[in-house]
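This is what each chain is made of:
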Amino acid sequence: MMLRIKPREKGTPQGSMHNIMELMKDCRRWASGELQKFALQAETDISSEADVWTEEKLGEMLLVRGLLLLALCFTTGHCVYKIPLKVFSVKLSPDSLNSAVKLGALTQNKAASGSVLSLASDPSGTVNFLDMVNNLRGDSGRGYYMEMVIGTPGQKLNILVDTGSSNFAVAAAPHIYVSTYFNRELSSTYRTSGQGVAVRYTQGSWEGELGTDLISIPQGPNGTVTINIAAILASDGFFLPGINWQGILGLAYPLLARPDSFVEPFFNSLVQQADIPDVFSLQMCGAGVAVSSTSDPAGGSLIMGGIEPTLYQGSVWYTPVLQEWYYQVEVLKLEVADRNLNLDCREYNTDKAIVDSGTTLLRLPTKVFDAVVEAMGQTSLIQDFSSGFFAGTKLACWAKGESPWKFFPKISIYLRATNTSQSFRLSILPQLYIQPVTDVDGTLSCYRFGISSSTNGLVIGATVMEGFYVIFDRAHKRVGFAVSTCAASPLVPPESEGVLVSEIDGPFPADGGCISSFPLQEPLLWVIAYALMGLCALVLLILLILLVVPCHRGRRDGEITDQSSLVRHRIK
């Protein structure tokens, strides 16, 4: 029997991973059959010619034949087959790709975590975490939001959850992309401060006025709290087509609040008034949902006051919060397909590295992004790469029903643990960063690259967070990660259904610091800027006085001794 490999016909693709796997299976089946046939033939020969065939001779012959067959299959199974990348020049605007893009350690087991964090429910009855499960809707492409009730009588709005800002702001005027808005005149408890406020994000901006009102959360802590509200009266690129939210809930620290840090953020007020622990946790379950999908959005959970053990599996790993403005963490290194990028670790923390649920993608500093793309070109099974796909201007499309994820490698991010001499690793599979966008003519499924370059730091956005249950333990200045229970993707091939698309493991040794000096916080920059402006104004005032009232010196005999006057008179 001879194994024949049909040559690729001209003009046809070089095959698919399915064909490769079938070829390997055929090879193994053929090899097994050949060995069985040979053994039967040998047994017949032994019985007929016992004087020629001895057991020792038979064993040597079987060994040689078997090694040859195994070598053939091993060679076949370990060849690198490159698959052409089918890239389509689909025009993608920032709106369509980033509908909810930012407008703008030791392992802890559950018992140990319970000693410092609230679990399951608060004995006081203020918090029941199980009531908060699945209180989020949305996906990474359009953002995760929750229903909140504002004012008296209550007006229901969907509010985007954002750990990368600190203002609570809602639409307070009609907008083409907003289905409803907060009508201040209908709320008897709304109080305006008369102070204006404006916020600019990575994408989009808004402006309005500050005020206060009563807030309640149907699937949150019991009761109502008085919250600072920014009423959005005008915006540019903030509300986008296809979104289903009408405001933003900033969950970061007061230093990011606008117009200044004296505007108490939502969660700070909630902790004080509802008397809950200063910790919240997020599970986002929208991985694999197409941006263009019109079906019911996926779910998620925002647990306010603690952690809910049913939302994660395995151990929780914590990394310190370096500065309390954004949730700034320290990234030690990145790997593509378990290969270190070998960059100076300070490159990963250029400007800052933060955890931000309001950013759709995993955003990397330009140098790091370029290194990741280059490493993918070396390790991926894709034959030809298009820069447009990685730049976010083109989609990669496969035949409907065919999975693209098997062609791309795993990406790992190492974070410093609370034991600073150790680190732990977050790994995401392609199901999280090769993201479905739309179908073409019902025959092609098209995907985008869920990683982008950044000029203002590394951002661990929804692309990564969808694989993990993320704990923002503000009381202990740390962020925790555990594998999310919704990270078992149903979108992988049926034979692999339930396979996790994210991993976390450690500990690993950690080198020295990767942040040479802490960057100046943005609010502090404003203080310095105003101080310098005041100083400049004072200097200019003094100069103006000196010009208007010149100083004259003279002797008692009246002789002018101001040498500068002589100089002036020499100038024609």
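A quick note: this is a predicted structure, and the numbers were derived from the prediction, not measured. (Residues numbered from 1 in each chain as written. Predicted model: local features only at pLDDT ≥ 70, side-chain atom pairs only at ≥ 80, totals over all residues. Heavy atoms only, no water.)

Bringing the packing of aromatic side chains into the picture now. This model, assessed by the stated rule, comprises 27 aromatic pairs. Judged by centre distance (6.0 Å) and plane angle (35°), the ring pair of F168 and F266 falls under tilted. With F168 in strand 5 (residues 168-171) and F266 in helix 6 (residues 266-274), this residue pair connects regions lying 98 residues apart in the sequence. You'll find F168 and F266 in the same group, each marked buried. Their ring planes at 15° and their centres at 6.2 Å tell us that W398 and F407 sit as a pair that is stacked. For W398, a relative accessible area of 0% puts it in the buried group. Among the aromatic side chains, those forming a connected cluster through ring pairs are F369, F389, F390, W398, W405, F407, F408, Y433, Y447 and F449. Against the face of Y318 rests R478, its NZ or CZ located 3.7 Å from the ring centre. (Phe/Tyr/Trp six-rings, centres within 6.5 Å; stacked < 30°, edge-to-face > 60°. Helix = DSSP H or I, 4+ residues; strand = E, 2+ residues; numbered from the N terminus. Buried < 20%, exposed > 50% of the residue type's maximum accessible area, 1.4 Å probe, protein only. Lys NZ or Arg CZ within 6 Å of the ring centre and 35° of its normal.)

What holds strands together in a sheet is hydrogen bonding between their backbones, with the strands either parallel or antiparallel. Across the sheet, which stays open at both edges, the five strands sit in the order 14-13-18-19-26 with antiparallel pairing between neighbours. With partners counted over all chains shown, the strands left at the sheet margins are strand 14 (339-340) and strand 26 (502-509), one partner each. Pairing analysis gives two bridges linking strand 13 (residues 331-336) to strand 14, with the strands arranged antiparallel. Its bridge partner being in strand 14, E335 is matched across the sheet by N340. Along the sheet, helix 7 (residues 366-379) makes contact with strand 13, strand 14 and strand 18 (411-416), crossing strand 13 at roughly 25°. (Pairing = 2+ DSSP bridges. Contact = heavy atoms within 4.5 Å. Axes fitted to C-alpha atoms, helices over the stretch in contact; angles between N-to-C directions.)

Attention now moves to helix 6. Within helix 6, seven of the nine residues are buried, leaving the element largely enclosed by the surrounding structure. Those residues of helix 6 lying buried are F266, F267, N268, S269, L270, V271 and A274. One or two steps after helix 6, the chain reaches D275, where phi turns positive at roughly 55°.

With an omega of -5°, the peptide bond running from T152 to P153 counts as cis. The residue P153 is located in the loop between strand 3 (143-150) and strand 4 (155-162) in this model. The peptide bond linking G506 to P507 adopts the cis configuration, its omega dihedral lying at 0°. Residue placement: P507 occurs in strand 26. You will see that D338, though not glycine, has its phi angle at about 65°, which is positive. Phi at D351 is positive, roughly 70°, even though this residue is not glycine. Assignment of secondary structure puts D351 in the loop between strand 14 and strand 15 (353-355). Take D351: its relative accessible area is 36%, and that puts it in the partly exposed class.

Looking at the protein as a whole, the pLDDT averages 77, with 67% of positions reaching at least 70. Overall, residues 34-58 carries pLDDT values under 50, and its contacts beyond four positions in sequence, including any with other chains, amount to 17 contacts. Here residues 553-572 is a poorly scored stretch, pLDDT under 50, and it has six contacts once near neighbours within four places are set aside; other chains count. (pLDDT = per-residue confidence, 0-100.)

It is worth spelling out the pattern of salt bridges at this point. Per the counting criterion, the structure on display carries 12 salt bridges. Put simply, R478 and D473 hold a salt bridge, and the shortest N to O gap is 2.7 Å. Like R478, the residue D473 is buried in the burial classification. (Salt bridge = Lys/Arg side-chain N within 4 Å of Asp/Glu carboxyl O.)

Another point: the state of the cysteines. On inspection of all chains with the given rule, the structure shows three disulfides. Across a sulfur-sulfur distance of 2.2 Å, C285 and C486 are joined as a disulfide pair. With the S-S dihedral at roughly -90°, the linkage between C285 and C486 falls on the left-handed side. With C285 in the loop between strand 10 (279-284) and strand 11 (299-304) and C486 in the loop between strand 25 (478-484) and strand 26, this pair connects stretches of sequence that are 201 residues apart. Given the relative accessible area of 22%, C285 is considered partly exposed. Paired through a disulfide, C345 and C514 show a sulfur-sulfur distance of 2.1 Å. Disulfide C345-C514: torsion about the S-S bond near -105°, hence left-handed. Residue C345 is found in the loop between strand 14 and strand 15, and its partner C514 is found in the loop between strand 26 and helix 11 (522-548); the two are separated by 169 residues along the sequence. (Disulfide = S-S within 2.5 Å.)

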